[in-house]
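Breakdown of the fold
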Amino acid sequence: MVRVDGSGSSNSLISARGLSKTYSRGGEQIQVLQALNLDVDAGEFIAFMGPSGSGKTTLLNLLGGLDVPSAGSITVAGDEITHMSRSRLTQWRARHVGFVFQMYNLIPVLTAFQNVELPLLLTSLSKAQRRQHVETALGVVGLSDRIHHYPRQLSGGQEQRVTIARAIVSDPTFLLCDEPTGDLDRKSADEIMELILRLVKEYKKTVLMVTHDPVVAARADVTLHLEKGVLVEADRLQTVSSGGAR
Amino acid sequence: MAIPVVYNLRSVKERWTSAVVAVLGIAGTVGVFIAMLSLAFGFKATLVSSGSSDNAMVRRAGSTSEMDSSISLDQIKIMEDFPGVAHANGSPLVTPEVVVIAPFPLRSTGTDANVQVRGVSPRALEVRSKVKMIAGRFYQPGLAELVVGRNVDKTYAGLSMGDSVKFGGGTWQVVGVFDAGGSAFDSEVWCDAHVLNQIYHRPENIYQSLTVHLDSPSSLRQFKDAATADPRLTVDVSPEIEYYAKQSRTLTKLIVVLGGIVAVVMGIGAVFGALNTMYSAVAERSREIATLRALGFGAGSVVFSFMIEALLISLVGGLLGAVAVLPLNGLTTGAMNWQTFSHLAFAFRITPFLLGLGLLFALVMGILGGFFPALRAARRPVAPALRAM
């Protein structure tokens, strides 16, 4: 169960406590996240919403070990990641995080197969085992027939499927999706969301997703809003908003 | 495991126009580098091959070359009886020699160049077994006849078989052409030492050097010890090979130093070309690099990957430069031998060692041109670069 009040149990898969992030821009200190708390259990699908600049991507970057917080701690599956060295954090990312980006971020000179194989190159799997994993992942996203296509030979929706295959191929602890449908038409966006839902329901994946689109966010188990650097649950936000209107 | 090399290969292919600039810069530098060294190596090899391991060269003690040396006939007679001297038909295999410099017109420009004219003994061909007559015959003792090296025949006007030529106050007849196996003798004219001394009004019993054919290379020690121990002699004895190697040093050093300066200056330019190519590669692919980093590839992998790319580019440049200068191999050119002031024909010698050295130079340029951009690629913050367009 998702909690944002710091009352989560020690069994939470992801636990953030007092998470703050401050940027310095032109001598000015900008506080993006303020003592934020978050607890996510395994198998949950969480959507983060909020206005531009509210810190959604910053939160995702911190949870994914791409950035370090100014204060607070993050624990994932019992590992405290906030004090890890850069090289250890890199290794941790490879093992625990699957990334899905808005702009797909595929390597244009590599085929779908080679792109999906990349995370497996960091494991001790043999070539044959890697091949099997890649084919399985591309099968899950429905691209078995596009295995040797380059990204430029694929549609936006197909590229995003390859990205998802790359994110799941090493069976990471959780997936971080940053606007996964932000660059797609509605039909493709629906297909991608169906795929993500399948990953959650069929493969019991834990997914944290940032989106601007309420329709997309509605497919998640829980939608959390980032307001002034802290997380607020959607129903509570409604209460706060309607309370404010009265 | 490292980032796959196929990523670098295809990335270079995608951005080939940028890579071509670096490749050409490195190719040009490596080409000049190999050409310069092959010139120096060719010059050195020509002189060194003039010597034989079983020949000793005797000169006046303290002389720097044959030009400033003198040995009397009496001294020569003493040395003929020393141990280690090879004999044939009951007489010692030695050749007392004199050298003069005479100007002859070059076929290519018509201008005069100095030719070394060597007065030798009739046994010169036995002492220097590498030298073979390829046309005509050897001179007849007592006659003003010349035999010319094969380069002389090709390079100078009026010194071909059958030609009659005037120099030193005498008229000479060219009666033969010899092949000295690509050594310095190929650029010389030989004649009877007695005749040369007479025509040049030199003392009859004074020579400039004595070349001694030894029983074996190991006999040099015996011969040298005898010459050193004899109070009647004030001579230097050296292996013939060493004498010619020493002669090649000044010009070889000059070519290597000048060539080195040119190659280093060009190399700096090529490194900047490589730097530019690699920095732009890093800038254009910042999102790809960030993605690889996000997926878990470490900073070391990124540095390694971009170094591999820089080395690939430099290797192609190096190979191209090496292939471009290969046709120079064997091409004959000429230079002044500063020890004898005579013109010496020699060929560019592009050896596998030189090609390897050229490729090594290319790789060094690749390392210098790739390291800092690779470091920049690895140090870039991942999160902002992931969203870079």
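Summarised in this report is the structure supplied together with it. (Residues numbered from 1 in each chain as written. Chains lettered and ligands numbered in written order. Predicted model: local features only at pLDDT ≥ 70, side-chain atom pairs only at ≥ 80, totals over all residues. Heavy atoms only, no water.)

Focus on the overall build of chain A
The number of helices and strands found in chain A is 8 helices and 10 strands. Relative to the compact-globule value of 18 Å for 246 residues, chain A shows a C-alpha radius of gyration of 18 Å, a close match. Principal-axis analysis of the C-alpha atoms gives chain A an extent of 60 × 40 × 40 Å. Burial statistics for chain A: of 246 residues in total, 55% are counted as buried. Summing over all exposed atoms, chain A offers an accessible surface of approximately 10800 Å²; the carbon and sulfur share of this is 48%. Of note, chain A has its 26 positive side-chain charges centred 4 Å away from the centre of its 26 negative side-chain charges. (Helix = DSSP H or I, 4+ residues; strand = E, 2+ residues; numbered from the N terminus. Rg over C-alpha atoms; globule rule 2.2 N^0.38 Å. Buried < 20%, exposed > 50% of the residue type's maximum accessible area, 1.4 Å probe, protein only. Areas by Shrake-Rupley, 256 points an atom, 1.4 Å probe, with all protein chains shown as cover. Lys, Arg positive; Asp, Glu negative; His and termini not counted. Charge placed at Lys NZ, Arg CZ, Asp CG, Glu CD.)

Section: the overall build of chain B
Counting its regular elements, chain B contains 12 helices and 16 strands. Relative to the globule expectation of 21 Å for 389 residues, the C-alpha radius of gyration of chain B, 29 Å, shows a markedly less compact shape. The principal-axis extents of the C-alpha atoms in chain B amount to approximately 95 × 50 × 30 Å. Among the 389 residues that make up chain B, the fraction classed as buried is 53%.

Notes on unusual backbone geometry
Residue and element names in this part refer to chain A. The backbone phi angle of Tyr104 is positive, close to 65 degrees, even though this residue is not glycine. Its place among the elements puts Tyr104 in the loop between β6 (97-100) and α3 (112-117). On the basis of relative accessibility, which here comes to 7%, the residue Tyr104 falls in the buried class. Here the phi dihedral of Glu179 falls at roughly 50 degrees; this positive angle occurs in a residue that is not glycine.

Description of the packing of aromatic side chains
Under the counting rule described, the total for this entry stands at 13 aromatic pairs over all chains. Plain terms: the ring middles of Phe99(A) and Phe101(A) are 5.7 Å apart, the flat faces sit at 5 degrees to each other, and that makes the pair stacked. In this structure Phe99(A) comes out as buried when scored by relative accessible area, which is 5%. Its relative accessible area of 7% is what places Phe101(A) among the buried residues. Members of the aromatic cluster, connected to one another through ring pairs, are Phe178(B), Phe185(B), Trp190(B), Tyr243(B) and Tyr244(B). (Phe/Tyr/Trp six-rings, centres within 6.5 Å; stacked < 30°, edge-to-face > 60°.)

Side note on a positive patch on the surface
On the surface, Lys44(B), Lys224(B), Lys246(B) and Arg249(B) cluster together into a positively charged patch. Structurally, the position occupied by Arg249(B) is in helix α8 (residues 240-284). (Patch = residues over 30% accessible without salt bridge, like charges linked within 9 Å, V, L, I, M, F, W, Y side chains within 5 Å. Salt bridge = Lys/Arg side-chain N within 4 Å of Asp/Glu carboxyl O.)

Side note on the packing of helix α1 (residues 5-14) of chain B against helix α10 (residues 299-325) of chain B
Residue and element names in this part refer to chain B. Remark: α1 packs on α10, axes separated minimally by 9 Å, with the N-to-C direction vectors making an angle of 50 degrees. One finds that α1 runs oblique with respect to α10. Taken as a pair, α1 and α10 cross one another with a handedness that is right-handed. Contacts between α1 and α10 pair Val5, Tyr7, Asn8, Leu9, Ser11 and Val12 from the former with Ser305, Phe306, Ile308, Glu309, Leu312 and Ile313 from the latter. The residue inventory of the contact of α1 with α10, partitioned by class, reads 8 nonpolar, 3 polar and 1 charged. (Axes fitted to C-alpha atoms, helices over the stretch in contact; angles between N-to-C directions. Parallel < 35°, antiparallel > 145°, perpendicular 65-115°, else oblique. Left-handed = near helix turned anticlockwise from the far one by under 90°. Contact = heavy atoms within 4.5 Å. Nonpolar A, V, L, I, M, F, W, Y, C, P; charged D, E, K, R; others polar.)

Observations concerning the interface of chain B and chain A
Of the residues lining the interface, 24 residues belong to chain B; the matching set on chain A comes to 28 residues. Around 2300 Å² of area is buried between chain B and chain A when both sides are counted, 62% of it from carbon and sulfur atoms. For the pair chain B and chain A, the interface holds 0 salt bridges. Those elements that provide at least two residues to the side of chain B that touches chain A are α1, α9 (286-295) and α12 (382-386) of chain B. Broken down by element, the residue count for the side of chain B that touches chain A peaks at 7 residues, all from α9(B). In the side of chain B that touches chain A, the residues fall into 13 nonpolar, 4 polar and 7 charged. (Buried area = accessible area lost by both parts, 1.4 Å probe.)

Some words on the environment of Arg349(B)
All names here are of chain B. Relative to the helices and strands, Arg349 is located in the loop between β16 (342-347) and α11 (352-379). When its relative accessible area of 41% is taken as the criterion, Arg349 is described as partly exposed. Along the backbone, Arg349 and Gly298 are 51 residues apart, and their C-alpha atoms lie at a distance of 46 Å. Once you skip the residues sitting within four places of it in the chain, Arg349 turns out to touch Ser38, Phe41, Gly42, Ala45, Asn329 and Leu354.

Digging into the pairing of strand β13 (residues 209-213) of chain B
Residue and element names in this part refer to chain B. Along β13, 5 of the 5 residues are buried, which leaves the element largely enclosed by surrounding structure. Every second residue of β13 is oriented toward a common face, with Ser209, Thr211 and His213 on one face and Leu210 and Val212 on the other, all of them buried. In this structure, strand β5 (residues 94-105) lies alongside β13, joined through 4 bridges in antiparallel fashion. In the sheet register, Pro96 faces β13, and the bridge partner there is Leu210. (Pairing = 2+ DSSP bridges.)

Comments concerning the pairing of strand β10 (residues 170-179) of chain B
Residue and element names in this part refer to chain B. Buried residues dominate β10, accounting for 7 of its 10 residues. Pairing of strand β8 (residues 145-149) with β10, which is carried by 5 bridges, proceeds in the parallel orientation. If you follow Glu145 over to β10, its bridge partner there is Gln173. Alignment of strand β9 (residues 164-167) against β10, held across 4 bridges, turns out to be antiparallel. Along β10, the bridge assignment pairs Val165 with Trp172. Counted along the chain from β9 to the antiparallel partner β10, the turn is 2 residues long, and its residue Gly168 has a positive phi close to 65 degrees.

Some points on the sheet that holds strand β4 (residues 71-76) of chain A
Residues and elements named next belong to chain A. Here we have 4 strands laid out as an open sheet, ordered β2-β1-β4-β5, and antiparallel in their pairing. Strands at the two margins of the open sheet, each flanked by one partner only, are β2 (28-40) and β5 (79-80). Bridging between strand β1 (residues 14-25) and β2 involves 9 bridges; their strand directions are antiparallel. Residue pairing across strands places Tyr23 opposite Ile30, the latter belonging to β2.

Description of the pattern of salt bridges
In this structure the tally under the stated criterion is 27 salt bridges over all chains. The residue Glu191(A) makes a salt bridge to Arg161(A) at a minimum N-O spacing of 3.7 Å. Of this pair, Glu191(A) sits in helix α6 (residues 186-201) while Arg161(A) is found in helix α5 (residues 156-168), placing the two residues 30 residues apart along the sequence. Since its relative accessible area comes to 17%, Arg161(A) is described here as buried. Of the charged contacts in the structure, one is a salt bridge between Glu284(B) and Arg15(B), with a shortest N-O distance of 3.0 Å. Residue Glu284(B) is found in helix α8, and its partner Arg15(B) is found in the loop between α1 and α2 (16-48); the two are separated by 269 residues along the sequence. The class of Glu284(B) is exposed, set by a relative accessible area of 52%. The exposure class of Arg15(B) is buried, given its relative accessible area of 12%.

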